[in-house]
Amino acid sequence: MTDPDNPEKRPPRKRHLLLKIDSWIDSTIWNAGFRSAEIWEDITIFFRRFRVRGWKRIVFELGGEGLTLGAVGAVLMLTLAQPAFEATKEDWRNRGDYAVTFLDRYGNVVGHRGVIHQNSVPIDELPDALIKSVIATEDRRFFDHFGIDFIGLFRALVTNAQAGEVVQGGSTLTQQLAKNLFLSNERSIDRKITEAFLSLWLEANLSKKEILSTYLDRAYMGGGTFGAAAAAQFYFGKSITDVNLAESAMLAGLFKAPAKYAPHVNLPAARGRANEVLTNLVQSGLMTEGQVIAARRNPATIVDRNTVESPDFFLDWAFDEVMRLSPRFHQHSLVVRTTIDMGLQNAAEDSVETSLREYGESYHAKQGAMVMIENGGAVRAMVGGRDYGESQFNRATRALRQPGSSFKVYTYSVAMESGMTPDSIVVDAPIYWGNWSPHNYENRYAGRVTLATAIAQSINTIPVRLAKEKFGIAPIRAMAKNLGVESPVRNDVTIPIGTSEVTVMDQATAYAVFPAGGYQSRRHGINQILDYGGDVLYDFDRDEPPAKRVLSEKADGYMNQMLSRVPYVGTARKAALDNGILTAGKTGTTQAYRDAWFIGYTGNFTTAVWFGNDDYTSTNKMTGGSLPAMTFKRAMDYAHQGITLREIPGVPTPPADKKAKTVAAKPAEGAPPPLVRPRMLSVQSTQILKDIGQALKAAPPLAAQKVASAD
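This text gives an overview of the structure that appears in the document. Small disclaimer: the values here were computed from a predicted structure and weren't measured. (Residues numbered from 1 in each chain as written. Predicted model: local features only at pLDDT ≥ 70, side-chain atom pairs only at ≥ 80, totals over all residues. Heavy atoms only, no water.)

**What to know about the pattern of salt bridges**
Then step 1. In the structure shown here, the tally under the stated rule is 25 salt bridges.
Then step 2. Salt-bridge contacts for Arg 401 lead to Asp 595; the nearest nitrogen and oxygen are separated by 2.6 Å. Of this pair, Arg 401 sits in the loop between strand S5 (378–383) and helix H16 (408–417) while Asp 595 sits in strand S11 (residues 595–601); the two residues are 194 residues apart in sequence, bridging distant segments of the chain. Neither Arg 401 nor Asp 595 differs from the other in exposure class; each is buried.
Then step 3. Between Glu 469 and Arg 465 there is a salt bridge, with its nearest N and O atoms 3.2 Å apart. With Glu 469 and Arg 465 both in helix H18 (residues 461–471) and 4 residues apart, this pair spans about one turn of that helix.
Then step 4. The exposure class assigned to Arg 465 is buried, which follows from its relative accessible area of 12%. (Salt bridge = Lys/Arg side-chain N within 4 Å of Asp/Glu carboxyl O. Helix = DSSP H or I, 4+ residues; strand = E, 2+ residues; numbered from the N terminus. Buried < 20%, exposed > 50% of the residue type's maximum accessible area, 1.4 Å probe, protein only.)

So this is what it looks like as structure tokens:
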């Protein structure tokens, strides 16, 4: 036996092998280090030939630092360019290949989208005066820059600084096209960065002629028209190839502010703007004063147009719906029968504008939105903002805003489905969920309250307590989705009191479930899509599945009972309709008064109203029970004139004496007069015509008959 712990007793052969291995490792490491030092010294000696001193070293140092910072900047720019890359993935070219004519619910033409029937004219065939007018006014260095004009930007900064206000823009024509094609009118640093990258992308992928042609085809020109060709036909009744210098100048002046300078709305302003365009032509050297003097003395005149405006926000949304349905058919020239009711649309627009004009300044609110859905799912009115000409961003369908307490209906719906009732008692007291604690308005707590009282008084702690102690967050998120909220719903403990952003359309769609008896609201804006031959390509009633139940009959009845108390004993007393029409709904006010909501309904209509500011600044303590409730009442009082009233499911009809208390409520002193709906067919006549229409629709086709022979 050998002792492994005694080195003297180890076998000699094994000991010599280990010594050799140890020696080889030592020598290899030493040789490698020595050789590396030699190589490094050779490299150092080689690069000494390039060593510079004095001013040359400063240049090289700056160059090296520049390369380093450039590499970092390139990575940063690539990161910032990601939104632009995502935007260009869509098939943005083919969006304009569709020519869509929109009809209202009664078959009247209300607007066009896509390539309007005045087809795009090749850039080489456009009048020289029009091209020069656009270039001189919108981007004089268009053919010299690469999408971003730093010289023009610097000039605009100097001009604006000297004037003390914004009098000249620095955006190039390419940047404006990028905004029109891919972006909204949101004013933010992120949007400007994305716009810059998209401008570079457009310059790299399109020729200057293609950029100019696309710009002239896609820009909004007022009057519901898109593109110079459609505008020339609308304003002057002629082809774009036939416009003269005065008319070209007027068209070129529309790009800046189509709502402000639209000639059919304000002809003197349009002519004044056209005169500025003529001055730009002279200042840019594209024409002489002698060439433009005739146009100054003989300004353009327009054809007489009806003053009825197109429901542009609704048409934008309806066009997106057409694009969503387009894979079902191959035709691109379409006639679309929509659900829009122009009487209700005008009332909705008037209600929002009147509220902002009367109270917007005092409440520090600049924007509003509204969606009105007839119970059955048809969208009858949509207001996406105060002025489509100034901003085409649709706040009704695209603006994600916190709903505040108006989101609580989803929590209470889960509670009703879980076996609770409006009379169930819950404690209103401070509550903590982790590190977060909700607070009631003015930090008041009522102790033991019923759920009906909690929702009427918009108590914050109750829905949070229900979620924490009864059923959690997941059922609330599922309920919101089932009722019709399409926006992503956040997954955190604060959503019971409305921190998850939604759109006005989301809220209108979901609330419309309650008067529908717990069934899906089937919200839609398109009844039929036809080709120009009259063939029906899509029919909502034929092609869409029937409504599914998303809320049990008992839970829906309980929700209606609770929500019908809010306009009478709760936070929305300014929303109760006249003439005893039972009204239900819920207010919503977000943190720091950034958003104010009221979503309400009757047995006939559901309407969602929002007011706030695009830049998320706070209002002057505006709540959902103030301006939104008043606006809701003004529009809905109009909508219910001369129609058959329906009951809200599960809510008893109020007795006659209780009705009388709300009949013919007088407007406050100084308030605008209520809207009056024009006289129409009686309810009985309307029903007879509907029955005839249904009978004709269900009748079998007539059999072919033989003509009697003369013999």
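**Remarks on the nonpolar core**
Soluble globular proteins tend to bury their nonpolar side chains together.
Then step 1. One finds Tyr 410 and Ile 529 to be the most contacted residues of the largest nonpolar core, which totals 82 residues.
Then step 2. Here the element with the most residues in this core is helix H14 (residues 312–325); it accounts for 8 residues.
Then step 3. Setting aside chain neighbours within four positions, we find Tyr 410 in contact with Ile 476, Met 479, Ala 480, Leu 483, Val 485, Gln 507, Ala 510 and Tyr 511.
Then step 4. With 53 residues, the next largest nonpolar core counts Ala 129, Phe 142, Ala 228 and Tyr 261 among its residues. (Core = buried A, V, L, I, M, F, W, Y, C linked by side-chain atoms within 4.5 Å. Contact = heavy atoms within 4.5 Å.)

**Here we look at helix H9 (residues 228–236)**
Then step 1. A large share of H9 lies buried, amounting to 8 of its 9 residues.
Then step 2. Buried within H9 we find Ala 228, Ala 229, Ala 230, Ala 231, Ala 232, Phe 234, Tyr 235 and Phe 236.
Then step 3. In the core, the buried residues of H9 are packed alongside helix H8 (208–218) and helix H10 (245–252).
Then step 4. A positive phi of about 65 degrees marks Gly 237, the residue just after H9.

**As for the sheet that holds S5**
Then step 1. Strand order in this open sheet of 5 strands is S5-S4-S12-S11-S10, and the pairing throughout is antiparallel. Because the sheet does not close on itself, it has two edges, and the strands there are S5 and strand S10 (584–589). On average, each strand axis in the sheet is tilted by 10 degrees relative to the strand beside it, whichever way the strands run.
Then step 2. Across 7 bridges, the pairing between S11 and strand S12 (residues 605–612) is antiparallel. Of the residues in S12, the one forming a bridge with Gly 600 is Thr 607.
Then step 3. Helix H20 (residues 504–511) rests against strand S4 (367–374), S5, S10, S11 and S12 of the sheet, and its axis sits at about 30 degrees to S4. (Pairing = 2+ DSSP bridges. Axes fitted to C-alpha atoms, helices over the stretch in contact; angles between N-to-C directions.)

**Notes on the sheet that holds strand S2 (residues 109–114)**
Then step 1. In spatial order, the strands read S2-S1-S3-S8-S9; together these 5 strands make up an open sheet with mixed pairing. Unpaired on one side and paired on the other, S2 and strand S9 (536–539) mark the two borders of the sheet. Averaged over neighbouring strand pairs, the angle between their axes works out to 20 degrees when direction is ignored.
Then step 2. Sheet analysis places strand S1 (residues 99–103) next to S2, joined by 5 bridges and oriented antiparallel. Bridge pairing in S2 links Thr 101 to His 112.
Then step 3. On top of the sheet, H14 reaches S1, S2, strand S3 (333–338), strand S8 (526–531) and S9; it is set at about 55 degrees to S2, its chief contact.

**Digging into a nonpolar patch on the surface**
Then step 1. Judged by side-chain polarity, Leu 17, Leu 18, Ile 21, Trp 24, Ile 25 and Ile 29 come together as a nonpolar surface patch covering roughly 630 Å² of accessible area.
Then step 2. Tracing the backbone through its elements, the reader meets Ile 21 in helix H1 (residues 12–47).
Then step 3. Classification of Ile 21 as partly exposed rests on a relative accessible area of 41%. (Patch = residues over 30% accessible without salt bridge, like charges linked within 9 Å, V, L, I, M, F, W, Y side chains within 5 Å. Areas by Shrake-Rupley, 256 points an atom, 1.4 Å probe, with all protein chains shown as cover.)

**A short note on the side chain of Gln 528**
Then step 1. Looking at the element boundaries, Gln 528 is found in strand S8.
Then step 2. Given a relative accessible area of 19%, Gln 528 falls into the buried group.
Then step 3. Separated by 2.8 Å, the side chains of Gln 528 and Asp 539 make a polar contact.
Then step 4. Discounting chain neighbours no more than four positions away, the residues touching Gln 528 are Val 335, Val 336, Arg 337, Val 536, Tyr 538 and Asp 539. (Polar contact = N/O pair within 3.5 Å; in protein donor to acceptor, adjacent residues only side chain to side chain.)

**What to know about the packing of aromatic side chains**
Then step 1. With the rule as written, the count across this model stands at 13 aromatic pairs.
Then step 2. Ring centres 5.3 Å apart and planes at 5 degrees place the aromatic pair Trp 30 and Phe 34 in the stacked group. In this pair, Trp 30 and Phe 34 both sit in helix H1, 4 residues apart, roughly one turn of the helix.
Then step 3. Among the residues examined, Trp 30 registers a relative accessible area of 57% and is labelled exposed.
Then step 4. Given the relative accessible area of 42%, Phe 34 is considered partly exposed.
Then step 5. Seen from their ring centres, Tyr 511 and Phe 514 are 5.8 Å apart, and the 80 degrees between their planes marks the pair as edge-to-face. Accessibility assignment for this pair places Tyr 511 and Phe 514 in one class, buried.
Then step 6. Taking NZ or CZ as reference, Lys 208 lies 4.5 Å from the ring centre of Phe 142, over its face. (Phe/Tyr/Trp six-rings, centres within 6.5 Å; stacked < 30°, edge-to-face > 60°. Lys NZ or Arg CZ within 6 Å of the ring centre and 35° of its normal.)

**Some points on the pairing of S8**
Then step 1. The element S8 is largely enclosed, with a buried count of 5 among its 6 residues.
Then step 2. Where S3 meets S8, 5 bridges bridge the pair, whose relative direction is antiparallel. Bridge pairing links Val 335 to Leu 530 in S8.
Then step 3. In this sheet, S9 lies alongside S8 in antiparallel orientation, the contact comprising 3 bridges. For Ile 529, the partnering residue across the bridge sits in S9 and is Tyr 538.
Then step 4. Hairpin connection of S8 to S9: 4 residues between the antiparallel strands, including Gly 534 at a positive phi of 90 degrees.

**With respect to H20**
Then step 1. Burial within H20 is extensive, with 8 of its 8 residues counted as buried.
Then step 2. Three or more residues of H20 are buried, namely Val 504, Met 505, Asp 506, Gln 507, Ala 508, Thr 509, Ala 510 and Tyr 511.

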